[in-house]
Number of protein chains: 4
Amino acid sequence: MVIILKKNADKASVSRLEEMLKNKGVSANHIEGATQNIIGLVGDTSAIDVENLLAQDCVENVRRVQEPYKKANRKFHPDDTVIPVRDTIIGNGSLQVIAGPCSVENEDQIMTTAIACKKAGATMLRGGAFKPRTSPYSFQGLGKEGIELLIKARKETGLPIVTEIMNGADLDLFADVDVIQVGARNMQNFELLKALGKCGKPVLLKRGLANTLEELLMSAEYIMAGGNMNVIFCERGIRTFETMTRNTLDISAVPLLKQKSHLPVCVDPSHATGIISLIEPMSLSAVVAGADALEIEVHCDPKSALSDGGQQLTPEKFTEVMTKIKDICAYLGRPLGK
Amino acid sequence: MVIILKKNADKASVSRLEEMLKNKGVSANHIEGATQNIIGLVGDTSAIDVENLLAQDCVENVRRVQEPYKKANRKFHPDDTVIPVRDTIIGNGSLQVIAGPCSVENEDQIMTTAIACKKAGATMLRGGAFKPRTSPYSFQGLGKEGIELLIKARKETGLPIVTEIMNGADLDLFADVDVIQVGARNMQNFELLKALGKCGKPVLLKRGLANTLEELLMSAEYIMAGGNMNVIFCERGIRTFETMTRNTLDISAVPLLKQKSHLPVCVDPSHATGIISLIEPMSLSAVVAGADALEIEVHCDPKSALSDGGQQLTPEKFTEVMTKIKDICAYLGRPLGK
Amino acid sequence: MVIILKKNADKASVSRLEEMLKNKGVSANHIEGATQNIIGLVGDTSAIDVENLLAQDCVENVRRVQEPYKKANRKFHPDDTVIPVRDTIIGNGSLQVIAGPCSVENEDQIMTTAIACKKAGATMLRGGAFKPRTSPYSFQGLGKEGIELLIKARKETGLPIVTEIMNGADLDLFADVDVIQVGARNMQNFELLKALGKCGKPVLLKRGLANTLEELLMSAEYIMAGGNMNVIFCERGIRTFETMTRNTLDISAVPLLKQKSHLPVCVDPSHATGIISLIEPMSLSAVVAGADALEIEVHCDPKSALSDGGQQLTPEKFTEVMTKIKDICAYLGRPLGK
Amino acid sequence: MVIILKKNADKASVSRLEEMLKNKGVSANHIEGATQNIIGLVGDTSAIDVENLLAQDCVENVRRVQEPYKKANRKFHPDDTVIPVRDTIIGNGSLQVIAGPCSVENEDQIMTTAIACKKAGATMLRGGAFKPRTSPYSFQGLGKEGIELLIKARKETGLPIVTEIMNGADLDLFADVDVIQVGARNMQNFELLKALGKCGKPVLLKRGLANTLEELLMSAEYIMAGGNMNVIFCERGIRTFETMTRNTLDISAVPLLKQKSHLPVCVDPSHATGIISLIEPMSLSAVVAGADALEIEVHCDPKSALSDGGQQLTPEKFTEVMTKIKDICAYLGRPLGK
C-alpha cells in the first residue's frame, strides 16, 4: 500500500499517521520527492482500511498494491480447485454443460426438458424454482415444489441439479440440491453469502451486472471465509451502454479469473446475450478461452415458457449446439463431463 | 405494445400469435408496410410477457409503449405522496436532512454525532447497524446493538432514525425504527422487497449502482404491490467508467423521478461522490433540482471511523454545509423539516 | 510513480530497470516487503512512459501518483483563468448563457432566434454551421454560409458567437467567430486540438461521451501545449446504461474540474438530457454547483427544426427558464454576463 | 416507425402531424387503445427525423422499427462482401492476421519486426505512423516517414500494410498504403469518414470506446454512402466500469455484426485487453466466433518500445500464439491468409 501525502502536510499530522500505522503493525518507508512525498507500507496491510487513511489530514490519496482477496488468490493457492459434484468433477480439465429451463414450470415440462438435455449431451440440469423477476407481476417460480420436481428429474436422468437461492432462510430447502446458484442481483447480498459460507455445498456464484472482477473475487472470499471452499465463478454478461445484446459477455474474464484465482469458471451465454443465434458462437468462444463449464437455457417448448422465452433453445437447436461443443472438446482433448 | 413481424413470417405462425393474444384479452391491429409488417396491441398488456412474444416464430422484435409500473406511476396517481415520519413529513415541499455516521460504532460515537447533527440543523438521524461491506474482513456493524443505540440517540435528540436492513429475517429488529433503508446492493433483492411490502414502515429505497430508473420504479412497485405505499427513492450515484469520483451522481434523476412518479426523492451526495469537498455543491444542486431529502454522512471523528472515513464530514464541516442548505431553503421558500 | 515488482523478479532485470530509470533522471527508492517489493520514483516522472515500464520483465504493475497534466493543473496555476470574449468575460464569477439553435438553418430562423434569445437574457449566441450527425442521410449543416449568418446575427444583437469546428482545415473560416466549439465526438481528435493550440481563440471543449475527466484535462493540455491558454470545459453528459435520458449529466464534474484546474466550466443541459422538462432544473443545479456558463438549445420553431427538434426550447419556454436563472444569479450575487 | 401520442393530445395537433407525415410520403395508421393511442407509419421512413416528431405537441414518444443503415445492411445485401488486398482477400472464409508494432519507430525496428511477423505466419503488417496519444508529451509518430518505412517493409516481406489515418488532409500520403485504419477515437469523425468515402481503398474501421454497434454500422454507412464499399469492422474493446482489463472485449459483436451486415469483421485483442497473457485466448475466441481477421501488436523489443510497451508481444511469444491460431484454423478448415 502506498500513501501519497498532501503537498503541505504538517509534521504533526504525519507523525500521528506514522504512529497509527505502527500500531497496526506495518512499517512506513518515506520517499521524499521534489513535488510529492509518499509513504510505502511494508507488512500485512490487510487490516488497514483505505477509507480510514483517506480521512487523515495529511493524506491526499492511497494506492493499493496487493490484492484484497486471499483464499481465492492463486498466488497463495497455485493448484486448481476441483469440485466433485455427485459422480462428476468441475475444474479438472473437463467441460461441464449445465442445461435446462429458465424456470421449472410443471412436472411434464421439466421432465421432458431434462430428458432432452441428457440425450443431447448435457452433464448437469438447471432450472429455477425461486425466480428473481424485475416485475412483481411476473411469474415468481414454484419455490419448494420446483426443487422437488428437479429432484425427480435427477432421479430420471442422473443429471446433478443446479438451482438458485434468493434467501438464506431457505437454505434447508436446498439440502438435496447439488449446486446452489447465487444470481447476479445477489452477488453482493452479503447475508446470503455468509449463510452459504457455513454450508459445504458447491456454489455457482454469478457476476453482478455491474460488478468488477475484483468484487466477484471478494464475494467468493466471503463464502470461503466462512469455510466453504467450493465456489465456481460464472460470467454472465455485464451492463454496458450497448443495447443490441441484453448484456455484454466479457469472455476475457475467463482467462483472467483463472490467472488470478484457482477456482473454476463457468460462462452463461444465454443471459449474457439474450439472443438465440449467439448461444453457439459464444459457447465455443468460452470453451476455447478456458471455461470449465457452460450454463445454457433449454426449454422443451420456448413458445409457451413462463419466463425468458426469447432466449431459451429448443431441444433440437440445443442438440445442434452440443454437436459443435462436443466437436471442439474433442479437438481440445477435453472430456465432456467427468 | 407493438410487435414487429419477421419479413417472411408464415401465415400459420401469425395466426397462432393472434389466437394467443386474443386469449390474453388484447386486440391486435395489423399495419402492413412495404418492408415490414407490425401489429399494434390494444387493451391491458400488463399480463403479456415480452419474452414470450419473442419466442414466437414470426416475431422479430417487440417494443413496449406503456410503463410497466402502475402504483408508482404519476399518470395514475397525480398527487404527491407525503410520508409522515413521527412529527415530521417527507414529500410535502419541506427539505429533510438525514445526517449521521456510516456505521454506529459505540454509544459515545453515536450520541456525540447525533447531538452535533441536531445542533447543526439535521432533521433525521442515520447510522448503519447492519453493514454491507465488500470485504469479509471489514467491520460488519453492531447489528441489533446498533439499532438500540440509535433508539437511545433518538430519545436524546428527538431525531427520527433511519437505518439499513440487509435481510428480511431481521425485520422484527426494526420494529422501533422510523425509516428502513434498502441499500443499493439490495435494490433487486426481491425477497427483501416483498418482506418490506408487508410492513407499513417508510422505506428509503436506494438506486442500485447499475440500475436504470425504470428498474428503480419497478422495485418500488414490488414494495407497493405488497401494500406498503410509503416508499422514498434515493439517488446515490451510478457506476460509470469515471474513476475520479466514487460513482457518478445522476442529479437529473431527481426531476425525472418526480415527473414519472408521485413518490418523494432523496439524494445521498456522500456515497455518490466519496469526496468531502463535493458534498456541499452536490447537496445544493440536489435541492434546487427538487430533492425532498438529503442523506449526508457525518462522524464526530472521521479519522477514527471504522468505515467510510474518507467521505464523512466532521460536525464543523457539516455545520458549514447546513448553513448553505438553510440559506438556499430560505431562498426557495422551503421549510427545513416539518 | 510507484513500481510494483513481480514476486520472483530476478536481480539482473531489476538492475536493468534501475539503470533505465537513472538514465531518465529519476531516482529509485526500494521498499522491501514480506510479500511484495516496490520502487518509489522521485523526480520529474512526466517523461516516463507507464507502458514502457510495464514491458519490463520484473514489473508487475505501475501506479501513477501525480497528475499527467500541468498547464491545466490548478496546483501550478492557482488563480482562475478569465477569458475575455468581445466585451464580456468568462470565468470571472459571472454567469454566461450561450443560447441558440442546434443548427443554423436559414437567415430568418437564426435572426428570429437570436433576437428572442437576446431579449430573454442570453449573453452569447450558439448555432451549428458544421454538424456532426450519426447518419449520413441527415442534414449536415450550412457550413461557411452558416458562419456568415451567425456573424449577421451578431451584428444585429451584439451577442458574441459560438460555433463548432469539425476539421482543422476549416480553421480560416472561423476567423471572425468568437468562441470555437469542439464537439464531444472530437474531444480526442488530436489533430484538431493541435490546430486549435496554434490559434489564439477561446475554445469550448466538450467532454466526450465516454471520456474521463482526466482525459478531458489532457485534451485541454493538448491545446495549451500548443500555446492557446483560452480553454473552457463543457460537461454535456456521459454515456451510461441509463436509457431514460439521452446521456447522464455529471454535475459533480463542475466543482471537481474547478478544483483540479483553473479553467472555466460550462454545462450543456440540452444535449446531456435531451428532455425539455429537465433543462430548467439542470441549469439551476449547474449554476449552484459553480458553472461559469450554460449552453442551451433554443429554436424559434422547434417543430420545424432540421435537427434536435425534441430538445430545443421555444423562445417562450427559454424566457421562463431565464427568469429562474436570473433569479438564482441574483440570490448568489453573480452577474449575468459581464 | 411507431408514434405514441400523448394521453390528451388535442385533435388539431394530431391533424397537423398527419398532414406533415403525408407530405413526407408515409401513410399513418391509427390504433386507439384504452389508455394510449399510437400511429404506425408505413412507407419509406428513412427521411423522417425522430427528433422532429418528438418536437410535435401531441407526440409522447417514438419507436423506430427499422434499422437506419442500408448499404451496410445484410437484409438488402445478403452476400458476404469480400475485399481484395493485393494478392489476398479479406472476408472469403480465410483468416487474416495483421501483426506489427504499435508505432513505426525506425527502419531497423520495423524491418526486424516485419520479418519476424512474416516468419511466424502473419499475413499483413500493421504499424502506426500517425499516433493518437492521450498526452501531448508522448511520442506522436513518425508521420510520412513512418509510411515510407512501412512500404520498405512490404517490399522486403511481401506483407500488405495497414496504418492509421487521423486527418482527411493527409489522404495523399496514404496513396500506397493497402488498408487505411480509422482509430477508435475517430469512429465518429464524420469529416474523415466522408473523405474516406471518396477514396476506393479498404478501410479498417475501429469501434469507438463508447459506441454502440448500431453507431458503428452507421459510420460504415457514411463511408459507403460516399461510394467506398470496402469497409472492415474492427472490435477493439469498449469502455466499461471494469478496471482489470484496459477495455472490455465484446466478442459477441463478431457474430452479431456478421448477422446484421455483409461486411467482414476483425478483432484486436491487444488494445481490447492490454494484457499479454490474454492475447492468445482472446484470439482463439475471436476466431471460433467467426472473425475474418485479427490485429495483434508485435514488437521486436517491447521493452524499448516508444508506445504500448506493456501489451506488445515479442516475436517469440507471437510465434507461440500463431501456432495455436494455425492449429485452430486447420481444425475449422479455414485457410490462413489467401
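Computed from a predicted model, the values in this text were never measured in an experiment. Note that residues are indexed from 1 along each chain, following the sequence as it is written. Chain letters start at A and ligand numbers start at 1, both assigned in the order the entries are written. Local features in a predicted model are, by the rule used here, given only for residues with pLDDT of at least 70; side-chain atom pairs are given and counted only at 80 or more, and totals for whole chains, interfaces and linings are based on all residues. Remark: hydrogens and water are excluded; side-chain values derive from all non-hydrogen atoms of the structure.

**Remarks on the overall build of chain A**
Reasoning step 1: When you go through chain A residue by residue, the secondary structure sums to ten helices and 14 strands.
Reasoning step 2: Taking the principal axes of its C-alpha atoms as reference, chain A extends roughly 75 × 45 × 40 Å.
Reasoning step 3: Across the 338 residues that make up chain A, the buried fraction comes to 63%.
Reasoning step 4: Only heavy atoms enter the contact rule, under which two residues are in contact if any of them lie within 4.5 Å. Pairs at least 24 residues apart make up 69% of the contacts formed inside chain A by residues separated by at least 6 positions. Every helix listed is a DSSP run of H or I at least four residues long, and every strand listed is a run of E at least two residues long, numbered separately from the N terminus. Exposed residues in this analysis have more than 50% of their type's maximum accessible area, buried residues have under 20%, and partly exposed residues fall in between, with area computed by a 1.4 Å probe over protein chains only.

**Some words on the relation of the copies chain A and chain B**
Reasoning step 1: The copies were overlaid with a least-squares fit restricted to C-alpha atoms from residues scoring a pLDDT of at least 70 in each copy. Turning chain A through 180° and shifting it by 0.0 Å along the axis lays it on chain B, with an RMSD of 0.0 Å. Such a combination of rotation and displacement between the chain copies is what one expects of a two-fold axis. Scanning chain A for the C-alpha nearest the rotation axis identifies Ala210 of chain A, at a separation of 2.7 Å.

**Description of the interface of chain A and chain B**
Reasoning step 1: Each partner contributes to the interface: chain A provides 46 residues, whereas chain B provides 46 residues.
Reasoning step 2: Buried surface area refers to the total accessible area, computed with a probe of radius 1.4 Å, that the two partners give up upon joining, counted for both partners together. Counting the surface lost from both chain A and chain B, the interface buries some 3800 Å², and carbon and sulfur atoms represent 49% of this.
Reasoning step 3: Each salt bridge in this description consists of a side-chain nitrogen of Lys or Arg and a carboxyl oxygen of Asp or Glu lying within 4 Å of one another. Our count for the contact surface shared by chain A and chain B stands at six salt bridges.
Reasoning step 4: In protein, a polar contact means a hydrogen-donor-capable atom and an acceptor-capable atom, both N or O and within 3.5 Å, with residues adjacent in sequence counting only if both atoms are side-chain atoms; elsewhere, any N or O pair within 3.5 Å suffices. Our enumeration of links across chain A and chain B arrives at 25 residue pairs in polar contact (both at pLDDT 80 or more).
Reasoning step 5: Listing elements by their share of the side of chain A that touches chain B, those giving two or more residues are α2 (50–54), α5 (190–198) and α6 (213–225) of chain A.
Reasoning step 6: The leading source of residues in the side of chain A that touches chain B is α6 of chain A, at five residues.

**Some details on the domain arrangement of chain A**
Reasoning step 1: Where each domain begins and ends is defined by an automated method or by a domain database. Domains assigned within chain A are domain 1 (2–63) and domain 2 (74–332).
Reasoning step 2: For domain 1 of chain A versus domain 2 of chain A, the distance between C-alpha centres works out to 43 Å.

**Observations regarding the side chain of Lys206 of chain B**
Residues and elements named next belong to chain B.
Reasoning step 1: With respect to the helices and strands, Lys206 occurs in strand β11 (residues 203–206).
Reasoning step 2: On the basis of relative accessibility, which here comes to 4%, the residue Lys206 falls in the buried class.
Reasoning step 3: With residues near it in sequence (within four places) discarded, Lys206 still touches Arg126, Gln181, Val182, Gly183, Ala184, Met187, Leu216, Cys234, Arg236, Asp268, His271 and Glu295.

**A look at the environment of Arg74 of chain D**
Residues and elements named next belong to chain D.
Reasoning step 1: Position of Arg74 relative to the elements: it lies in the loop between β4 (59–63) and β5 (83–85).
Reasoning step 2: Sequence separation of Arg74 and Gln259 is 185 residues, and the distance between their C-alpha atoms is 7.1 Å.
Reasoning step 3: In this structure, Arg74 is in contact with Asp79, Asp80, Lys258, Gln259, Lys260, Ser261 and His262, ignoring residues within four places of it in sequence.
Reasoning step 4: Among the polar contacts made by the side chain of Arg74, one reaches the main-chain carbonyl oxygen of Pro78 at a distance of 2.7 Å.
Reasoning step 5: A distance of 2.6 Å separates a polar atom in the side chain of Arg74 from a polar atom in the side chain of Asp80.

**Concerning the pairing of strand β11 (residues 203–206) of chain D**
All names here are of chain D.
Reasoning step 1: Along β11, one buried face is formed by Val203 and Leu205 and the opposite face, lined by Leu204 and Lys206, is buried too.
Reasoning step 2: Judged from the three bridges that link them, strand β10 (residues 179–182) and β11 form a sheet pairing that is parallel. Along β11, the bridge assignment pairs Gln181 with Leu204.
Reasoning step 3: Handedness of a crossover is defined as follows: with both strands directed away from the viewer, a clockwise route from the first strand across the helix to the second makes it right-handed. With respect to chirality, the unit in which β10 leads through helix α5 (residues 190–198) into the neighbouring parallel β11 is right-handed.
Reasoning step 4: Any two strands are treated as partners once DSSP identifies two or more bridges connecting them. Relative to strand β12 (residues 231–235), β11 is paired through four bridges, and the arrangement is parallel. The residue of β12 that forms the bridge with Lys206 is Cys234.
Reasoning step 5: Assessed by its sense of winding, the connection that carries the chain from β11 through helix α6 (residues 213–225) to β12 is right-handed.

**Looking at the relation of the copies chain D and chain C**
Reasoning step 1: For the pair chain D and chain C, the relating rotation is 180°, the translation along its axis is 0.0 Å, and the fit reaches an RMSD of 0.0 Å.
Reasoning step 2: Taken together, the interface assignments show that 100% of the residues at the interface of chain D recur at the interface of chain C, consistent with an identical surface on both copies.

**Comments concerning the interface of chain D and chain C**
Reasoning step 1: Chain D puts 46 residues into the contact, and the matching count from chain C is 46 residues.
Reasoning step 2: When chain D packs against chain C, close to 3800 Å² is buried across both sides, 49% of that on carbon and sulfur atoms.
Reasoning step 3: Where chain D meets chain C, there are five salt bridges.
Reasoning step 4: Lys303 of chain C is the salt-bridge partner of Asp57 of chain D, the closest N and O atoms lying 3.1 Å from each other.

**Observations concerning the packing of α5 of chain D against α6 of chain D**
All names here are of chain D.
Reasoning step 1: Remark: α5 packs on α6, axes separated minimally by 6 Å, with the N-to-C direction vectors making an angle of 45°. When the interaxial angle is binned, α5 and α6 end up oblique. Within the contact between the two elements, α5 uses Phe190, Leu193, Lys194, Leu196 and Gly197 and α6 uses Ser219, Tyr222 and Ile223.
Reasoning step 2: Three categories are distinguished: nonpolar for Ala, Val, Leu, Ile, Met, Phe, Trp, Tyr, Cys and Pro, charged for Asp, Glu, Lys and Arg, and polar for the others, with Gly belonging to the last. Class assignment of the residues belonging to the contact of α5 with α6 gives a composition of five nonpolar, two polar and one charged. Every axis in this analysis is a line fitted to C-alpha atoms, fitted for helices over the stretch in contact. Angles between the N-to-C directions lie between 0 and 180 degrees. When describing relative orientation, an angle under 35 degrees is termed roughly parallel and one over 145 degrees roughly antiparallel, while 65 to 115 degrees is termed roughly perpendicular and anything else oblique.

**Structural notes on the confidence of the model for chain A**
Reasoning step 1: Note on scores: pLDDT gives the predictor's confidence for each residue, bounded by 0 and 100. Taken over all residues, the pLDDT of chain A has a mean of 93, while the share at 70 or more is 99%.
Reasoning step 2: The complex model carries a pTM of 0.91, and its ipTM stands at 0.92.

**Focus: the side chain of Thr273 of chain A**
Reasoning step 1: For Thr273 of chain A, the position within the fold is in helix α8 (residues 269–273).
Reasoning step 2: At 2.9 Å, the side chain of Thr273 of chain A and the backbone oxygen of Pro269 of chain A are in polar contact.
Reasoning step 3: Apart from the residues lying within four places of it in its own chain, the contact partners of Thr273 of chain A are Thr245, Arg246, Leu278, Ile279 and Met282 of chain A together with Ser252 of chain D.

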